[in-house]
Amino acid sequence: MSISRRTARSVRILGVASATAALALGAAGNALACNISEFSAEAKCDGTKGIISVTDVDASGTSAVVSVFLENNGADVQKVGEQEVKGSRAGVTITFAEDWKPNAVYRVHVKAGNQVDADIKDNVTAPSTACATESPSPSASETPKPSETPSSPASSGTPSENPSESESSAAPATPGDNAPSPAAGTSNLAETGANSNTPMIAGIAGALVVVGGGAVFFGMRRRGASKSS
């Protein structure tokens, strides 16, 4: 029994549609598959500490194991660490604490099921400058001490350049302090007001006494004569 032209045409259309659908599904599957190109790594500083950060932008969210190795001349020297990550379209970042040296080289390997088992294309090279370190606060023993005031020099036979307050405040000596003091009698006369005119006054007083006495004598004599006559 032969197949009609219409039936053959329908089968052909169905075949083409099936093939197209298969190709679309395959492309969609490849688009959602995990790929090594979706991983990136960087050496940087987190404050004063060095770290290796790895970012996964796999939109399928496939679980992957990331391993980081320190390299030297193309050979693994030390395994820094290993972590699991599930990426996202926005990106998921994991970090490895590593006190890296300037220009150190690291290899980052990714294993994601049966889809990825490879190293990130380019090794990670640390910056040429190390992370800044915190300045240590000075300890009590390192705290600078205030300068001590120099003590005054001990007294010696050499006179001081600056006279003491008692010496500077003392009144200057008046000339004639070394002259001999006057005798006691002279001092008493000066205090009572006596001077060089005292003998003359005494003589005048004596003369007046004599004149007065003579006047009395002659007066009494004259009075006696008048009574006898």
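Preceding block: the structure.
Residues numbered from 1 in each chain as written. Predicted model: local features only at pLDDT ≥ 70, side-chain atom pairs only at ≥ 80, totals over all residues. Heavy atoms only, no water.

Colleague: Just give me the short version of the overall build of the protein, but keep the residues and values in it.
Modeller: Scanning the protein from terminus to terminus reveals four helices and eight strands. For the protein, the sequential pattern of α-helices and β-strands runs α-β-β-β-β-β-β-β-β-α-α-α. By residue count, 17% of the 229 residues in the protein fall in the buried class. Counting only contacts in the protein whose residues sit at least 6 apart along the sequence, the fraction spanning at least 24 positions is 60%. About 17900 Å² of surface is accessible on the protein, with carbon and sulfur atoms providing 56% of the total. (Helix = DSSP H or I, 4+ residues; strand = E, 2+ residues; numbered from the N terminus. Buried < 20%, exposed > 50% of the residue type's maximum accessible area, 1.4 Å probe, protein only. Contact = heavy atoms within 4.5 Å. Areas by Shrake-Rupley, 256 points an atom, 1.4 Å probe, with all protein chains shown as cover.)

Colleague: Go over the pairing of strand β7 (residues 116-119) with me, naming the residues and quoting the values.
Modeller: As paired elements, strand β6 (residues 105-112) and β7 share four bridges and run antiparallel to each other. Among the inter-strand pairings, lysine 111 is bridged to a residue of β7, identified as aspartate 117. (Pairing = 2+ DSSP bridges.)

Colleague: Now, about the pairing of strand β2 (residues 49-56): what can you tell me, with residues and values included?
Modeller: Counting buried positions along β2 gives six out of eight residues, so the element sits mostly inside the fold. Relative to β2, strand β1 (residues 39-46) is paired through eight bridges, and the arrangement is antiparallel. In the strand pairing of β2, phenylalanine 39 is matched with aspartate 56. Where β1 hands over to β2, the hairpin turn is made up of two residues, of which glycine 47 adopts a positive phi near 75°. The pairing of β2 with strand β5 (residues 92-97) spans six bridges and is antiparallel. Within the sheet, the bridge partner assigned to aspartate 56 lies in β5 and is valine 92.

Colleague: Outline a nonpolar patch on the surface, supporting the account with residue identities and numerical values.
Modeller: Side chains of Met200, Ile204 and Leu208 sit close together on the surface and give an oily, nonpolar patch of about 340 Å² of accessible area. As for its placement among the helices and strands, isoleucine 204 is situated in helix α4 (residues 198-228). Judged by its relative accessible area of 48%, isoleucine 204 falls in the partly exposed class. (Patch = residues over 30% accessible without salt bridge, like charges linked within 9 Å, V, L, I, M, F, W, Y side chains within 5 Å. Salt bridge = Lys/Arg side-chain N within 4 Å of Asp/Glu carboxyl O.)

Colleague: An account of the state of the cysteines is requested, with residue identities and associated values reported.
Modeller: Taken as a whole, this structure holds one disulfide when the rule is applied. Here cysteine 45 pairs with cysteine 131 through a disulfide, and the sulfurs are 2.0 Å apart. Given an S-S torsion of about -100°, the disulfide between cysteine 45 and cysteine 131 has left-handed geometry. Taken together, the residues span a long stretch of sequence, with cysteine 45 in strand β1 and cysteine 131 in the loop between β8 (124-125) and α2 (165-169) at a distance of 86 residues. (Disulfide = S-S within 2.5 Å.)

Colleague: Residues and numbers for the side chain of glutamate 98, please.
Modeller: Checked against the element boundaries, glutamate 98 lands in the loop between β5 and β6. Summary of buried charges: glutamate 98 has no salt-bridge partner, and the nearest side chain of opposite charge, lysine 101, is 8.6 Å away. (Lys, Arg positive; Asp, Glu negative; His and termini not counted.)

Colleague: Summarise the environment of glutamate 42; cite the residues concerned and give the values.
Modeller: The residue glutamate 42 is located in strand β1 in this model. Taking the C-alpha atoms as reference, glutamate 42 lies 7.7 Å from threonine 125; in sequence the two are 83 residues apart.

Colleague: An account of the sheet that holds β5 is needed here, citing residue identities and associated values.
Modeller: Pairing within the open sheet is antiparallel, and its three strands lie in the order β1-β2-β5. Sheet topology places β1 and β5 at the edges, where each strand pairs with a single neighbour. Neighbouring strand axes in the sheet, compared pairwise and without regard to direction, differ in orientation by 25° on average. (Axes fitted to C-alpha atoms, helices over the stretch in contact; angles between N-to-C directions.)

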